[in-house]
Amino acid sequence: MYQKYKNVETVKPGGLELKDRLVGVQRVTKVTKGGRAFGFSAIVVVGDENGVVGHGLGKSKEVATAIAKAIEDAKKNLIRIPLNKGTLPHEQKGKFGGARVYIQPASHGTGVIAGGAVRAVLEAVGVHDVLSKSQGSSNPHNVVKATFDALLQLRGAKTVANQRGISLEKVFKG
C-alpha cells in the first residue's frame, strides 16, 4: 500500500494499545429494478497516540459492521511516523485526488489546529501541537489519504543523517 514511499516502517498491531477514531459514515444507495438498496461505508483511523497510525475503509449493509470492518482494515495498515517532542519534525504538503493538506510543526501549547479528518489522523498519531490547512476537496476519504501522504513524507533527524551519510550534530549545525 505504501510502495512509493522510501522509509516506511510498517508495524504489527500485536501488543499496541490502539484507539480508533471514526472519521465518517456515508450512506450509499444502489438503484436496482426492485427499488433502492442502501448500504454504509465507514472510514476509521486507529493509532496508539505515540507515532503509530493506520486508516481503513469498511462497507456493509449495517453501520456497526461497516465500522468493525473499517477498524480491522485500519489495523492491517499500521505505520510509524517520526515525531519530535509532541509535534512534527518539519512542515510538509500532501496530496491525494483533489484534496491537498499542509501540516506545520507548532510550539508547545499551541494544540491541534486542524479540521475534521485531518484532526482525527493527527490526534491518532499523537501530535499535540500542529498547524494545518486542508485545501481543495473536503471528501473525508481523500483528506485522510492526503494527510497520510504528508505524514509518510516526514523524515526524522536520524533518517536525514543516515541518508546524507553525516553525523547527527552536523545535520543541525551545518
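In the annotation of an unreviewed UniProt entry, the chain is listed under the name Small ribosomal subunit protein uS5 and assigned to Arenibacter echinorum. The record held by UniProt for the chain lists under Sequence similarities (unreviewed entry) the comment "Belongs to the universal ribosomal protein uS5 family." According to the UniProt record, the Subunit (unreviewed entry) comment for the chain is "Part of the 30S ribosomal subunit. Contacts proteins S4 and S8."

Draft legend 1. Spotlight on helix 1 (residues 63–76). For helix 1, built from 14 residues, the straight-helix expectation of 20 Å at 1.5 Å per residue is met to within 8% by its first-to-last C-alpha distance of 20 Å. Looking at helix 1, one finds that the buried residues are Ala66, Ala70, Ile71 and Ala74. Along the axis of helix 1, the buried residues cluster in a sector spanning 140°; they form a single face. Of the exposed residues in helix 1, those oriented more than 90 degrees away from the buried face are Ala64 and Lys76. Buried residues in helix 1 make contact with strand 2 (19–32), strand 3 (35–47) and strand 4 (52–60).

Criteria and cut-off values
Residues numbered from 1 in each chain as written. Predicted model: local features only at pLDDT ≥ 70, side-chain atom pairs only at ≥ 80, totals over all residues. Heavy atoms only, no water. UniProt positions renumbered as here; feature names shortened; annotations may be inferred. Helix = DSSP H or I, 4+ residues; strand = E, 2+ residues; numbered from the N terminus. Expected span 1.5 Å × (residues − 1). Buried < 20%, exposed > 50% of the residue type's maximum accessible area, 1.4 Å probe, protein only. Arc of directions from axis to C-beta. Contact = heavy atoms within 4.5 Å.

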